[in-house]
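Listed here are the chains, written in short residue letters.
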There are 2 protein chains.
Amino acid sequence: MRKVAIVGVGMIQVTDHWDKSLRTLFAETALKTLEDAGDPKVDAAFIGNMSAEEFTKQKNIATLVSDFSGFRDIPATRVEAADASGGSAILEGFTAVASGLYDTVLVGGVEKMSEAISSETTQILSMAADQEYETFHGLPLVGAAAMLMRLYMHEFKATREQFAAFTVQMHENASSNPYAQLRFKTTLENALGARPIADPITLMDCAPAGDGAAALILCSLEKAKKITDTPVQIIGVGQATDTLALHDREDLLTFGAVSKATQKAHKMAKTTLEDIDVFEIHDSYTITGLLSIEGLGLSERGGAGMLVEDGGIAKDSQIPVNPSGGLKARGHPVGATGVYQAAEIALQLRGEADGMQVKDAEIGLTENISGMASLANIHILKRV
Amino acid sequence: MRKVAIVGVGMIQVTDHWDKSLRTLFAETALKTLEDAGDPKVDAAFIGNMSAEEFTKQKNIATLVSDFSGFRDIPATRVEAADASGGSAILEGFTAVASGLYDTVLVGGVEKMSEAISSETTQILSMAADQEYETFHGLPLVGAAAMLMRLYMHEFKATREQFAAFTVQMHENASSNPYAQLRFKTTLENALGARPIADPITLMDCAPAGDGAAALILCSLEKAKKITDTPVQIIGVGQATDTLALHDREDLLTFGAVSKATQKAHKMAKTTLEDIDVFEIHDSYTITGLLSIEGLGLSERGGAGMLVEDGGIAKDSQIPVNPSGGLKARGHPVGATGVYQAAEIALQLRGEADGMQVKDAEIGLTENISGMASLANIHILKRV
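Residues numbered from 1 in each chain as written. Chains lettered and ligands numbered in written order. Predicted model: local features only at pLDDT ≥ 70, side-chain atom pairs only at ≥ 80, totals over all residues. Heavy atoms only, no water.

Looking at the interface of chain A and chain B
Keep this limit in mind: In this analysis, two residues are considered to be in contact whenever any of their non-hydrogen atoms come within 4.5 Å of each other. Reported buried area values correspond to the accessible surface (1.4 Å probe) lost by two parts on association, with both partners' losses combined. Put simply, a salt bridge is a Lys or Arg side-chain nitrogen that is within 4 Å of an Asp or Glu carboxyl oxygen. Within 3.5 Å is the distance limit for a polar contact, defined as a pair of N or O atoms, with the added protein rule that one can donate a hydrogen and the other accept it, and that residues adjacent in sequence qualify only through two side-chain atoms. The helix and strand labels rest on DSSP assignments: H or I over at least four residues marks a helix, E over at least two residues marks a strand, and numbering proceeds from the N terminus. Three classes are used: nonpolar for Ala, Val, Leu, Ile, Met, Phe, Trp, Tyr, Cys and Pro, charged for Asp, Glu, Lys and Arg, and polar for all others, with Gly counted as polar. We treat two strands as partners when DSSP finds at least two bridges between them.
Taken together, the 59 residues of chain A in the interface contact 59 residues of chain B. Between chain A and chain B, roughly 4,800 Å² of surface is buried when both sides are summed, and carbon and sulfur atoms account for 50% of that area. Taken together, chain A and chain B are joined by 12 salt bridges. With a closest N to O distance of 2.7 Å, aspartate 130 of chain B and arginine 23 of chain A form a salt bridge. At the junction of chain A and chain B, the tally comes to 38 residue pairs in polar contact (both at pLDDT 80 or more). Among the elements of the structure, helix H2 (52-56), helix H3 (61-68), strand E3 (76-80), helix H4 (85-99), strand E8 (232-241) and helix H10 (256-269) of chain A are those that each provide at least two residues to the side of chain A that touches chain B. Grouping the amino acids of the side of chain A that touches chain B by side-chain chemistry returns 26 nonpolar, 16 polar and 17 charged. Pairing geometry for E3 of chain A and strand E3 (residues 76-80) of chain B, over 3 bridges, is antiparallel. Bridging from a neighbouring strand, arginine 78 of chain A pairs with glutamate 80 of chain B of E3 of chain B.

Details of the environment of alanine 30 of chain B
Residues and elements named next belong to chain B. We apply this condition: Type-normalised accessible area, obtained with a 1.4 Å probe on protein chains alone, sets the label of each residue: buried when under 20%, exposed when over 50%, and partly exposed for intermediate values.
Tracing the sequence through the fold places alanine 30 in helix H1 (residues 22-36). Here alanine 30 falls in the buried class, since its relative accessible area comes to 0%. Distance in space between the C-alpha atoms of alanine 30 and alanine 146 is 36 Å, their sequence separation being 116 residues. If we ignore the near neighbours within four places in the chain, the residues touching alanine 30 are Ser69 and Leu106.

Overview of unusual backbone geometry
Cis geometry is adopted by the peptide bond preceding proline 200 of chain A, which originates at aspartate 199 of chain A and carries an omega value of 10°. As for its placement among the helices and strands, proline 200 of chain A is situated in the loop between strand E5 (196-198) and strand E6 (201-202). With a phi angle near 55°, asparagine 322 of chain A is a residue other than glycine that sits in the positive phi range. One can find asparagine 322 of chain A in the loop between helix H12 (304-309) and helix H13 (326-330). One non-glycine residue with positive phi stands out, namely lysine 57 of chain B, at about 55°.

Set out below in structure tokens:
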């Protein structure tokens, strides 16, 4: 396998882009990304997107957004793995370059969510869960998350304050992120007093819906060194799945797919947890954030709440988690999220993360999951 | 890049499977495919599917169908490229094995269309076209095909009889195919007298909607030779795109993506058209069948109608096209179609195509497109 590196990064702020359609949202980001990479010839595109068919009645979007980004005839692949679509698209782009099939590829994630009203959005996002056994019977995804949160609180004597502390940390981080959707700081009182969505989950436990697009240019490491002084190598990839239906799991409070994918990525990267300087994890809800922290091995089982409450994931801690603000405050344009995470880590490793910069970050990790971790994508990136 | 071969093939008959859900439809096929390959350990799954979200309100189906096929924790990727999804999934599976990331992968295509009524199906399939510039304004995909057919008849003085001859040939072929949806023969009179759908397209110019699932097991050629006496190597792959919106094309009657993808595949395979013994092409409508024949170079521009009428694509001709009956009569479970095509060619090259067998077939080609060839996948397969 050829070594693969990121040589271009581009993002647009996550927000309601009323003035931009799906195609213009993506094209604007793609052009920024190409410019960042010095306008290389692109051989193929890999696009992560969850729900263009529901939000904009459009399929076949890899062809569409490639065309509108100026690549009229290149191979184009759309990958869908619910809110892990972005991470899955990176894996496909990585594999294509690693195999030698293509030299330079564009990996993008895009989601245009502002076309739907919020009740529709809940239904659309819930298609990530098992329709026949869960959603059809009235359990939306946020309901599943609420059950996991209640079980977590019961099992580990976790407190509402611990979840609220996670929220406060994410908003604190996002306040320095020009691409973030929710750039305001918040307080424990605000987080605890927010209106209920699916008890015990409140509005402040949920990542916001928003429009977003992010992209990367990948090429062989050999070529990358000629193009840029700051190539970021993808040194480890790992993907694993779990049952879609929660009732089929042996342990509801373990994100098994996250652990398995992490092991694979570390094995390929020849790293251990101690080598990782900065993390971007998948906190679609505060509970998925805590379970992700545990799945990655950043705390023991049931210990993530205390870790967060003690300031253990802050930007200047030993394990800086989500300096971008995470899904909670950077925003969660579902199918694009995995690409935002990798773009943010790449900027960290290039030392270009400005107010979000983690000092001396050399190796970073992204964790991007679908639903309640039915699929997990782990990528480990390194400054070369 | 490692050489890649098909070592297992499985299909289910295309029809209305009222008694099977999406997951059981796929699992049944996956188990047949695994058995055909001698039950190898599978490292990852790549699933082509166009519209599970519309037909069954389910996303994330790569995870779902992997789980229900007995692979609870493997990496799983769903690829969507409208009705080219199956061919795109094969390309992703091929690349993954070629790169060395995985040794053995399952590539599947599945579509469960019988849950929808036909007016819904028309809307769903039309999401393959440009929503903002075409579909929203009242042009469904079949309307776009009708405009191309009328233009083709005008431009090349093609006759209705030529299109009807294509239909008759496909039904003749499908009558020997145990997996075909429409296994009855038909006549020129029947084809010419069928009820109009979007003039000049009649019911007999359209591929039928149906439920279907097909799968392949891919592994390195080296390993394939140890597993089976009849490995089928994927010697060439090619993918290309065109504009999604028809008004952006310079020439409406040229499937440019098909030609470009074919050139790439021939280049990798070191083949020319003369080397190919059998073809499976994408005849979602009779007009897309004729334009595909021309895009592949099997006839000159505007000459496909005459070629077909003269019996030039029959099973015992120099260029046997769609011995399976093609999309027209084998059926077109949209996202699964590309995998059916490769499965059918693999059986041809193994000499196991029974009543459909093309004599001494050593090299075969599949052509799988989205909509009006906005994306094209070409695969060239060879008996080893």
